[in-house]
Amino acid sequence: MGLTDVSKNFKSVAEVKTRSIINACGENPNLANDTFLVIGPNILPYGLNAMGADTTKVDGIPYYGNEPCACKEHDGELADFVAHGQTFDWVLAPDEWITYAKSEEEQKQKLSLVSKIARKGFFTTVKDYKNMYANQRYFEEPFVLRTQSGDAIIVRQREWDQIDRQSWMQKNYIIHGEELVICNHWHRRTMYFKQLAKFTSDLGARDFSVEKQNMYKPVFSKTFEYVVCIKF
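Residues numbered from 1 in each chain as written. Predicted model: local features only at pLDDT ≥ 70, side-chain atom pairs only at ≥ 80, totals over all residues. Heavy atoms only, no water.

A.B. asks: Please explain the nonpolar core as it appears in this structure.
C.D. replies: Burial of nonpolar side chains together is a common tendency in soluble globular proteins. Leu37, Ile39, Leu78, Val91, Trp97, Val114 and Phe122 are the most contacted members of the largest nonpolar core, which totals 23 residues. Among the secondary structure elements, those contributing two or more residues to this core are strand 1 (35-39), helix 3 (78-83), strand 6 (88-93), helix 4 (104-117), strand 7 (118-126), helix 5 (193-202) and strand 14 (226-231). Aside from chain neighbours lying at most four places away, what touches Val91 is Leu37, Ile39, Val114, Ile117, Ala118, Gly121, Phe122 and Phe123. Counting residues in each nonpolar core, the second largest holds 16 residues, with Ile21, Ala24, Leu44 and Leu92 among its members. (Core = buried A, V, L, I, M, F, W, Y, C linked by side-chain atoms within 4.5 Å. Buried < 20%, exposed > 50% of the residue type's maximum accessible area, 1.4 Å probe, protein only. Helix = DSSP H or I, 4+ residues; strand = E, 2+ residues; numbered from the N terminus. Contact = heavy atoms within 4.5 Å.)

Here's what the structure looks like:
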């Protein structure tokens, strides 16, 4: 079911969202010479590609609507780069990538891989779960996606584990006209700022910064996320 329409200003939107990541925490990567790896299904590769950056994506999406991304694509796992000794100047993993895990150990393993391939820095985003209102813990604010075939409403539910209170099952639903689409469920786990700082410090991180002025908002969400820059 394709619901994503690409508007005329898609590239400018992609660039704005990309810059909200790469210019966070006072950083200013060299787009002409630096290399970038983008992890996950997001539009940052489109933004970087539009700005002329040497970009590779892994676990991404081949098309956004009908818009292809001309960047490089790795059809494999993050661990492949470590195995082959391939590194990048900057690694970007937005949309709370680190929360897509079943356990702390899995989160640590993901960060360990990044620490081995990010030469200059690692950008990621997280929510402030410690100060989240009770009503926000169970549902994200519904998001309306306007398409040529009519509006679609995206509803995200968190079904928290009754034993492990830091873990939840992410359930996403799309309401399009009279049709209800039940998306794949995802095991997820909270990540707190101090926790992320501790995990990355244990991996040899020499700098950990949280952007306090500007926040990042994913394409299909009305909820803002904090940008974190980590240097190993």
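A.B. asks: Would you mind going over helix 4 with me for this structure?
C.D. replies: In an α-helix there are 3.6 residues to a turn, and that puts residues three or four apart on one side. In this model, helix 4 (14 residues) spans 21 Å end to end at C-alpha, consistent with the 20 Å of a helix rising 1.5 Å per residue. Along helix 4, the residues classified as buried are Gln107, Lys110, Leu111, Ser112, Val114, Ser115 and Ile117. (Expected span 1.5 Å × (residues − 1).)

A.B. asks: Explanation requested: unusual backbone geometry in the structure shown.
C.D. replies: Excluding glycine, residues mostly have negative phi values, and the peptide bonds linking residues are mostly trans. A positive phi angle, near 60°, is found at Asp59, a position not held by glycine. Its location among the elements puts Asp59 in the loop between strand 2 (54-58) and strand 3 (63-64). Even without glycine at this site, Glu96 takes up a positive phi of about 55°. Position of Glu96 among the secondary structure elements: in the loop between strand 6 and helix 4. We classify Glu96 as buried; its relative accessible area is 1%.

A.B. asks: Any chance you could explain the environment of Phe232 here in plain terms?
C.D. replies: One can find Phe232 in the segment after strand 14. Linking Phe232 and Phe122, residues 110 residues apart in sequence, is a C-alpha distance of 8.2 Å. Not counting residues within four places of it along the chain, the set of residues in contact with Phe232 comprises Val114, Ser115, Phe122, Thr200, Leu203, Gly204, Ala205 and Arg206.

A.B. asks: For this particular structure, what's the right way to read the sheet that holds strand 7?
C.D. replies: In any sheet, the strands associate via hydrogen bonds between backbone groups, in a parallel or an antiparallel arrangement. The sheet built from 7 strands is open, its strands ordered 5-2-1-6-7-14-13 with mixed pairing. Each edge of the open sheet carries a strand with a single partner, namely strand 5 (72-74) and strand 13 (207-210). Averaged over all pairs of adjacent strands, the angle between strand axes in this sheet comes to 20°, irrespective of strand direction. In the sheet, strand 7 pairs with strand 14 via 5 bridges, with the strands oriented antiparallel. Bridged to Thr125 within strand 14 is Val227. Strands strand 1, strand 6, strand 7 and strand 14 of the sheet are contacted by helix 1 (residues 10-22), whose axis makes an angle of about 110° with strand 7. Strands strand 1, strand 6 and strand 7 of the sheet are contacted by helix 4, whose axis makes an angle of about 145° with strand 7. (Pairing = 2+ DSSP bridges. Axes fitted to C-alpha atoms, helices over the stretch in contact; angles between N-to-C directions.)

A.B. asks: How should I be thinking about the pattern of salt bridges in this particular structure?
C.D. replies: Charged atoms that come close allow side chains of opposite charge to pair. Tallied over the entire structure, the rule returns 13 salt bridges. A salt bridge links Lys222 to Glu141, with the shortest nitrogen-to-oxygen separation between them at 3.3 Å. A residue pair is termed long-range when its members are at least 10 positions apart, and Lys222 in the loop between strand 13 and strand 14 and Glu141 in the loop between strand 7 and strand 8 (143-145) qualify at 81 residues. A relative accessible area of 45% means that Glu141 is categorised as partly exposed. Here Asp202 makes a salt bridge to Lys198, at a shortest N to O gap of 2.7 Å. On the criterion of helical spacing, the pair formed by Asp202 and Lys198 is a turn pair, its members being 4 residues apart in helix 5. Salt bridges sharing common partners tie together Glu96, Lys127, Glu140, Arg158, Arg188 and Glu225. (Salt bridge = Lys/Arg side-chain N within 4 Å of Asp/Glu carboxyl O.)

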